[in-house]
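Reading the structure
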Amino acid sequence: MAEGRAELHSIVDDIMRAGGAGEESWPDPGLRASLHGLAADDPQPITAGLSCLWASFIEYPNVFEPAVPAVRYVLALLDRKAGGDTVVRSPDGRLRPLRGHLLTWLAAAADAVGDVRVREFAELAGRSPLEHPGSAWHGVRLLRSRMYVAAAALLDDPDPGVRQEAIAAAVVLVRAPELAAHRERIAAAARAFLDACTDPQRRRWAEAAFRELSAATRTSAEPGVVRYR
């Protein structure tokens, strides 16, 4: 446990250093404590940590340098399931176990550096955010395989809120060419969720996810289309 806490503290230090190197307004004096709150068992600091997570690292169309260690921090929290059973509300009012909220943020981070966002950034800025190999965009994209592993580990979680967010994160991640081979598995998970779900809103979400992945899988299997493995 002490070793795990030490790793979390080390990653938070990395976040603070990355922010101090890239933004004049960093480090925010309250940021460190807010991030550490995500590893607590008390809903109040966890809620404050979630607000910090959503507000500090990605702001369309930008992905800031501290987003890379922030992704690593969320992955470490998921790996240890720190506070994993604590149920809290997200900044937008959704009630979920912490693991569900962390998966939702990972999905947002993956989406923020996806090909669609790269094109939108280039249209707005007149240059690609991938021009520099050391950029935060590259750093987050390099973590997509680890993000997928974290999401895939929770596809069968007994809590439907966690399971839904795991599928949602995986749906975003398997859009990446290097993860395309997993699309059939995630489509099957979305189908199973749909078959077992009785909530109308979740059923609509699962059906849309299943359709998207089924279409993507069919397209990648067409002659002349490369399937990445």
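Quick summary incoming for the structure in this document.

Thresholds, definitions, all that
- The written sequence of each chain sets the order in which its residues are numbered from 1.
- Reporting in this predicted model follows two pLDDT cut-offs: at least 70 for local features of residues, and 80 or more for side-chain atom pairs to be given and counted; totals over whole chains, interfaces and linings ignore these cut-offs and use all residues.
- Only hydrogens and water are set aside when side-chain values are computed; all heavy atoms of the structure are taken into account.
- In this description a helix means any DSSP run of H or I spanning at least four residues, a strand means any run of E spanning at least two, and both kinds are numbered starting from the N terminus.
- Areas reported here follow the Shrake-Rupley algorithm with a probe of radius 1.4 Å; residue values treat only the protein chains shown as occluding.
- Angles shown run from 0 to 180 degrees and are taken between the N-to-C directions of axes, each axis being a line fitted to C-alpha atoms and, for helices, limited to the stretch in contact.
- Roughly parallel means an angle under 35 degrees; roughly antiparallel, over 145; roughly perpendicular, 65 to 115; everything else is oblique.
- Two residues qualify as a contact provided that any one of their heavy atoms is within 4.5 Å of a heavy atom in the partner residue.
- Note that Gly is not counted as nonpolar here; it falls among the polar residues with everything else outside the nonpolar set of Ala, Val, Leu, Ile, Met, Phe, Trp, Tyr, Cys and Pro and the charged set of Asp, Glu, Lys and Arg.

Each helix and strand counted, the protein chain has 11 helices and four strands in total. By element, 52% of the accessible surface of the protein chain is carried by carbon and sulfur atoms, the whole surface being about 11,500 Å².

It is worth spelling out unusual backbone geometry at this point. The linkage connecting Tyr60 with the following residue, Pro61, adopts the cis geometry, with an omega of 5°. Within the secondary structure layout, Pro61 lies in the loop between strand E1 (58-59) and strand E2 (62-63).

Take the packing of helix H3 (residues 43-56) against helix H5 (residues 98-112) next. Working note: a packed helix pair is described by the angle between its axes plus the distance between those axes. Two numbers describe how H3 lies on H5: the axes approach to 11 Å, and their chain directions differ by 5°. Classified by the angle between their axes, H3 and H5 sit roughly parallel to one another. Two secondary-structure elements touch here, H3 through Ile46, Leu50, Leu53 and Trp54 and H5 through Leu98, His101, Leu102, Thr104, Trp105 and Ala108. Residue composition of the contact of H3 with H5, by class: eight nonpolar, two polar and no charged.

Treat this as a map of the structure, not an account of what it does.
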